[in-house]
Every structure is written in C-alpha cells, then in structure tokens.
Amino acid sequence: MRGIDVPPVEVLRVEGRGGEPDGFREFVAARSAALLRAGWLLTGDWAAAEDLVQTALAAAWPRWESLVRQDAPELYVRKIMVNTFLRWRQRRWNGEIATGRLPEAGGYGDVFAQVDARQSLLAALDRLPARQRAVVVLRYFADQTESQTAAALGCSVGAVKSHAAKALARLRAAPGLAELMSGGVTS
Amino acid sequence: MSTQEERQLSDLLHRVTPEPPRGVTVEDVAIRVAGEAVRSRRAYRQPRIRRGWAGRGRAWVPALAAAAVVAVAAASAGVATLLTSRGGPASPASGHGSTAPPAPASASASSPAAGQRPAARPAFPPRPVAGAPWGAELINPDEVAQDSLTAGDGSLYAVVSGSLDRIDPATGNVLRSAPYQSAPPLVGPPVVAGNTVWAVWSYSGRSVLLHGYDGTTLAPLASVTVPVTGWLPATAQGVLTAGPDGNLYLAAGGAVAVVSPSRHRVIRQIRVPAPVISVAVAPDGSRMYVSTSATGQPFGLLVYDLATGTVVASSTGSAGGGGNLVATAGGVWGTAGSGMSQWTWFAPGGNLARSVRVQGGAGGGLASVPTASGGAVWIGGSRTLACASPATGAILASAAIAAEGGAPQYLGRVAVIGGHAYADYQGDQAGRLGVVRMTPPAACFG
C-alpha cells in the first residue's frame, strides 16, 4: 500500500477561465456525451455512467497539462473509466439501483422498438465478462486500436484479440443481437 | 476493424446507444475533485498512515483540499456554497462529494420522449352527477375506457380512446398523455409499481407484451415480452397486478409470470394446471390467488404459497366469470357472471365454498369490479356503490346509483386519493361519461 495516491498540490494551481486547467472545459463540453455513452455501454445505467465519467475526469484534472502534452487526454479518461468499471465489478459493486431507466431521446414512432433494441444490447453485454465488455466498448465503440486498448487495460495485444474474439462469439449467440447487428433497428 | 462482423458490431453500438439525458459539467468534476481531496485529508488524519508517506501527506494533502476548494469556488459560485472554506461538506445535500455515486437524475427531468402534454382545452368545471352518490361530480369528460381507472403516487391514470392519460385529481385536467392502444380490448387497468405505470399492450398469441411508462412524464421506459404457456383464455380479466415485493404478476396462460420491473424480465414462472383468468397477491406477499378457466364449467380458485410455489387450497365457483381478483388481508375478491348480470364476490381465506355475493352488482353488459384503495374495498356497478372491510368483507357503507331517464348509470373502478374516491362513469346521455370525484362517508375509512 502506497498511502494516499494523489498528485502533488502544485498541479492544482488555479488557472484557466473558471479555475480548471486550460482546455479542460472545452474537452468536457465536446466529449462528455461520447464518454457517457461509453459509460452506459459499460454499466447499462446512466447514473453509473455519469459516476464513471466524473471519476475519470476528476483523475485527469490534476494531470491535464501533461496529458495534453502527450495528446492523450481522451485515451487517459477512457483508461480510468474502464479500470474503475473493472474495479467495481471485482468488488461486485453495482452502484445505486436505479428505479428505472431515464427517458431517452426520440419520437414516439418506433420508440418501443428503440427501447427493445437497447435492452437487447444491454442484455447481451451483461452476459460478457467485465474485461470482454471493456474490450468491446473500447475497440468497437471508442474505435481504439488493439494496442491502445491493450495499454488501457494493462494487458497484451494478444489478450485483447482473445477477449474480442470471445466477446464476438458470445454476442453472436445472444438472442436477437444477430438481427440487430445486420441492421434491424434505427435510433 | 477487420471483419464484417466487427464492423456490424461497431455500427450497432453507435446506432443503438442513446444520447445521454444530461451531460457532465466542469462544475460536477470540480466538486468531485474537492471531495476526493477532502477524503484524502480525512484519511491523513487516520492514525494508520504509513511511515515514510505520512510526512509527505501532511505536507500537501490539506493544501490540496484547500486548492481544490478554490478551484471549485472559481469554477462555480453556485456549487461553492456547498463547501466550507475548509473544504468539508457544509450540507448533506452535497452528495456528489461523497463516495456514493450520484443518485439517478429525476425521471421527471425534461425529456424529448416524455409523454406529450395534451392540447389545451377549455377548463371543465366540475358538474354534479344527478342520481350518483356521495356528492359525485364529473371532473373529466373524456371517453375513459370502462374499468381502466387506477391511482398511484397522487395521480390518476386511465385509458382514454387510444391513449394512456395521467389526470390531475384536483382539477380533472389531463397532465400527460401517451399513445396506448390495447388489442384485444382491455384485460385490466394499468398497474402502478414504484414510479412506473405498466400496461398490457397485447394479450394474444404466444406472448404478452407489457409496456412501462414513467409515472410522471409517461415517457416510455421499457417493454417486456412474456412468453405464454398453453393458451390465453378469452375470459381473462384483471391479468396484471403488482405484489408487495415490488414485482409484477402476470397471468400468462397456464402460468403466472413474475416480472421484475427494474430488470425488465421474467424472473419466475409459477405453473398453473389450467389457463389463468386473473391473479392477485396477498398484501403480506405470502399467498397468490389464481382464478382458472375450464370450458363449460364454473371458474376455479387456487391459493398458492408464494415461498414454495405450491397450491395450498383450491375451490370452485358456482358460476362463470372469475375475473378481476383483488387480494386483501381477509381473503380474495372477484367477479362472477357475465352479460346481463355480473356481481362481486368475497371468498374469506380464498375459499369459494364460504364466498358471499357482495352488493347488487351490475347489469346491461356493465361490470361490477372490486378495487382495494385507501384502506377499503370498493365495489362499483350500475346498482350500488359500496365500500367494505378488507379484513371481513363486511359492507361499511353503501349507496344506490339511481337510473337516469330509465337507463342505468355506472360507476366503475374506484380509486382513492386524499379522502376522495374517483371512479370512471358512464351515463346514458350523450357525452355523459368520464371521471367522477366523490366524498365517501367516514365509515369507509374506518
């Protein structure tokens, strides 16, 4: 145990428009929706997704300048998200239990078909082990390369390939997902 | 991305994943940063800090907390008020700073998919209903489907010609409206479970489809497809109920399906030896009552021990029907008869051999349906309106429903909110239908 794992205080000096580091506000505005969607795919729940994203952004805040210099803030935020998600799963922590899913955007026309599609997708993702689910989200939603995914998960490229192949096989067998993959429902 | 399957999966994930209901703001993150720093400072105060790190921690952790609070204050004057100058939470409302994840945003938050607000219409002043008891006044003149009215969390819900409406009990105004078209005709009223309103969307063939709507906005939340065991009887009525365990119980042919409203799936199936007409669950969750259909025979009533899923008692009625079961502390209620004469019965302990006919019932193709609401059982119909003890079945108060111009008037399912009883109403005159509000005698609330 290393004691308290937080960065030195000097990186938290107040800068930028509202106290946050330069560029941080713009990044949050531009990328929070995509990050939340990735969080939703990982957890199946908007509240937990929001918690994941906030946790990752809070971790990125004190390191922001360094991350920007490396041109890697989003990769870092996603890395924190998936590793936080994996820690939650290890602890069998499922967060607060939502009483229902939040209403989602869309018209009434085929809204139940959309809801059905989302439920089928979440049910299929729920069947995946946590690391396979994380690989699916990073590789196929966040469009990260195998090496970026391996770096995020702290494993080898071969392990990423293996997780991806196993995940695809499980998703292929999930009820209704094959039809959705071949172009069923539009949102 | 190499294979077609991978491309299809990627496309699916982008296509189906919804847009978030709200975004994350810098202020949210600033609060989290401050909270982390405060927790770190509290950890520093613990006597178990490891040697070698303790001194370093003392040097910068309090400063980190202070700096974070400065950052928060600068980021948002509004959220800064949640924190003291020392960085500790000043108010329990600052939940984002705690280790718990943020509570789910309220379902009442504005959403494009929320139930539509109905078109404005002229205010409908309450009108007294001649011949109807307990000071009945019509507060809503819409075409409410017979026996579709229900109450939950201070609101009324009713099926009204192609829509599910949320109605303000104070004014009778329709607050929200969502498309709803049940086919075949209604097999029971909507059921409120938590803040979700569940309605049977289709009840035929090999599966039953339930739709769930947000209780406040009527935004669609979920749909659950329940497979049918055997076949669905044509006499099914009152097929969906909410148990005290929070789950939904659905008559699904030769089984009762237990549906988790939060997981949106069937979590248990309890096999029944004959097609199920109606299902009810005792208030203490120990017993489930199931009425069953047998061609050309009176209906049957089975009592299940829910813990084991086994039948502990069975009895047979003396007539057809057997729908609209309601379970109370003293037993189970339901309807019998059909066509020109229907009535409500009460079976103490779920034993039809001891059942009694309750009140005058209904005629002319109208139903007489029991409901349990506001601590009493209510029996509507076209002849009398009554309230009864849920423990003994004794009538506590009763009033005649007078005919209007020689034609019966009808008061259907009663739902109680705040000392008033509401019922769907049908009169003989054109346009005389909707929701009425009544003030029952105190005896009903004994």
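Residues numbered from 1 in each chain as written. Chains lettered and ligands numbered in written order. Predicted model: local features only at pLDDT ≥ 70, side-chain atom pairs only at ≥ 80, totals over all residues.

## Some points on the overall build of chain B
Operational definition: A helix here means a DSSP run of H or I that spans at least four residues, while a strand means a run of E at least two residues long, and both kinds are numbered starting from the N terminus. Neighbour density around each residue's C-beta defines its exposure: 20 or more other C-beta atoms within 10 Å make it buried, 12 or fewer make it exposed, and counts between make it partly exposed, where C-beta atoms are placed from the backbone. Think of it this way: build a C-beta for each residue from its backbone, and any pair within 7 Å is a contact.
Of the regular secondary structure elements, chain B holds 4 helices and 29 strands. Each of the 446 residues in chain B was classed as buried or not, and the buried ones make up 52%. Counting contacts in chain B only where the partners sit at least 6 residues apart, residues at least 24 apart contribute 49% of the total.

## Examining the overall build of chain A
In terms of regular secondary structure, chain A is built from 9 helices and 0 strands. Of the regular secondary structure in chain A, the N- to C-terminal order runs α-α-α-α-α-α-α-α-α. Expressed as a percentage of the 187 residues in chain A, the buried residues total 47%. Taking all contacts inside chain A whose residues are at least 6 apart in sequence as the whole, residues at least 24 apart take part in 66%.

## Observations regarding the packing of helix α7 (residues 146-153) of chain A against helix α8 (residues 157-173) of chain A
Residue and element names in this part refer to chain A. What counts, and what does not: Between N-to-C directions, angles span 0 to 180 degrees; the directions come from axes that are lines fitted to C-alpha atoms, helices contributing only their stretch in contact. Each angle is binned into one of four classes, with values under 35 degrees roughly parallel, values over 145 roughly antiparallel, values of 65 to 115 roughly perpendicular, and all other values oblique.
Between α7 and α8, the least distance of the axes is 8 Å, while the angle of their chain directions is 100 degrees. In terms of axis orientation, α7 runs roughly perpendicular to α8. Residue-level contacts link Glu146, Ser147, Thr149 and Ala150 of α7 to Val157, Ala159, Val160 and Lys161 of α8.

## Here's the deal with the pairing of strand β16 (residues 287-292) of chain B
Residues and elements named next belong to chain B. What counts here: One bridge is not enough; two strands pair if DSSP finds at least two bridges between them.
β16 sits mainly inside the fold: 6 of its 6 residues count as buried. Side chains Arg287, Tyr289 and Ser291 of β16 all project onto a buried face; the interleaved residues Met288, Val290 and Thr292 project onto the opposite face, where all are buried too. For strand β15 (residues 276-281) and β16, the ladder comprises 5 bridges, and the chain directions are antiparallel. What sits directly across from Ser278, in β16, is Ser291. In this antiparallel pair of consecutive strands, β15 and β16, the connection spans 5 residues, and Gly285 shows a positive phi of 75 degrees.

## Brief notes about the sheet that holds strand β14 (residues 265-271) of chain B
All names here are of chain B. Read across the open sheet, the 4 strands follow the order β11-β12-β13-β14; overall the sheet is antiparallel. Each edge of the open sheet is held by one strand with a lone partner, namely β11 (240-242) and β14. Taking the axes of each pair of neighbouring strands and ignoring which way they run, one obtains an average angle of 25 degrees across the sheet. Pairing between strand β13 (residues 255-260) and β14: 6 bridges, direction antiparallel. Note on β14: the bridge partner recorded for Val258 is Arg268.

## Side note on helix α1 (residues 24-43) of chain A
To keep things clear, this is the line we draw: To estimate how far a helix should reach, multiply one less than its number of residues by 1.5 Å.
With 20 residues, α1(A) ought to run about 28 Å at 1.5 Å a step, yet its terminal C-alpha atoms sit only 25 Å apart, falling short of that. Positive backbone phi, approximately 75 degrees, marks A:Gly44, located one or two places after α1(A).

## Comments concerning the pairing of strand β18 (residues 310-316) of chain B
Residue and element names in this part refer to chain B. With 6 bridges joining them, strand β17 (residues 300-305) and β18 adopt antiparallel strand pairing. By the bridge assignment for β18, Tyr304 is matched with Val311. Taking the residues between adjacent antiparallel strands as the criterion, β17 and β18 are bridged by 4 residues, where Gly309 takes a positive phi near 75 degrees.

## Quick notes on the nonpolar core
Heads up, the rule is: In this description, a nonpolar core means buried residues of the types Ala, Val, Leu, Ile, Met, Phe, Trp, Tyr and Cys, linked to one another by C-beta atoms lying within 7 Å.
Formed by 104 residues in total, the largest nonpolar core has its most connected members in B:Leu250, B:Val256, B:Val279, B:Tyr422, B:Val435 and B:Val436. For B:Val256, the contacting residues outside a window of four places in its chain are B:Tyr249, B:Leu250, B:Ala251, B:Ile270, B:Val272, B:Val276, B:Val279, B:Met288 and B:Val290. Core analysis: the second largest hydrophobic core is formed by 60 residues, A:Leu52, A:Ala124, A:Val137 and A:Ala152 among them.

## Here's the deal with the sheet that holds β17(B)
Residues and elements named next belong to chain B. One open sheet accounts for 4 strands, arranged β15-β16-β17-β18; its pairing is antiparallel. Each edge of the open sheet carries a strand with a single partner, namely β15 and β18. Taking each pair of neighbouring strands and ignoring which way they run, the sheet shows an average axis angle of 20 degrees.

## Focus on unusual backbone geometry
Of note in this structure, A:Asp71 is not a glycine but carries a positive phi near 55 degrees. Mapped onto the elements of the fold, A:Asp71 is located in the loop between α3 (64-69) and α4 (73-90).

## Points about the confidence of the model for chain B
Residues and elements named next belong to chain B. So the rule is basically this: Confidence scores per residue from the predictor, reported as pLDDT, run from 0 to 100.
Summarising the model, chain B shows a mean pLDDT of 78, and 74% of its residues fall at 70 or more. pLDDT under 50 marks residues 38-113. Its contacts with residues more than four places away, or in other chains, come to 145 contacts. Both scores are available for the predicted complex, with the pTM at 0.56 and the ipTM at 0.81.

## Looking at the confidence of the model for chain A
Residues and elements named next belong to chain A. Residues at a pLDDT of 70 or more form 75% of chain A, whose mean pLDDT is 76. No element of chain A has a lower mean pLDDT than helix α9 (residues 177-181), which averages 80, and none a higher one than helix α6 (residues 130-141), which averages 94. This model gives residues 1-17 a pLDDT under 50, and the stretch forms 38 contacts once residues within four places in sequence are excluded. Every residue in residues 92-109 is under pLDDT 50, and counting partners more than four places away or in other chains gives 52 contacts.

## Description of α7(A)
Residues and elements named next belong to chain A. The condition that has to hold: In this context, the arc is that of the directions from the helix axis out to the C-beta atoms.
Among the residues making up α7, those that are buried are Thr149, Ala150 and Ala152. For α7, the angular spread of the buried residues around the axis is 160 degrees, confining them to a single face. Backbone geometry just after α7 places Gly154 at a positive phi near 65 degrees.

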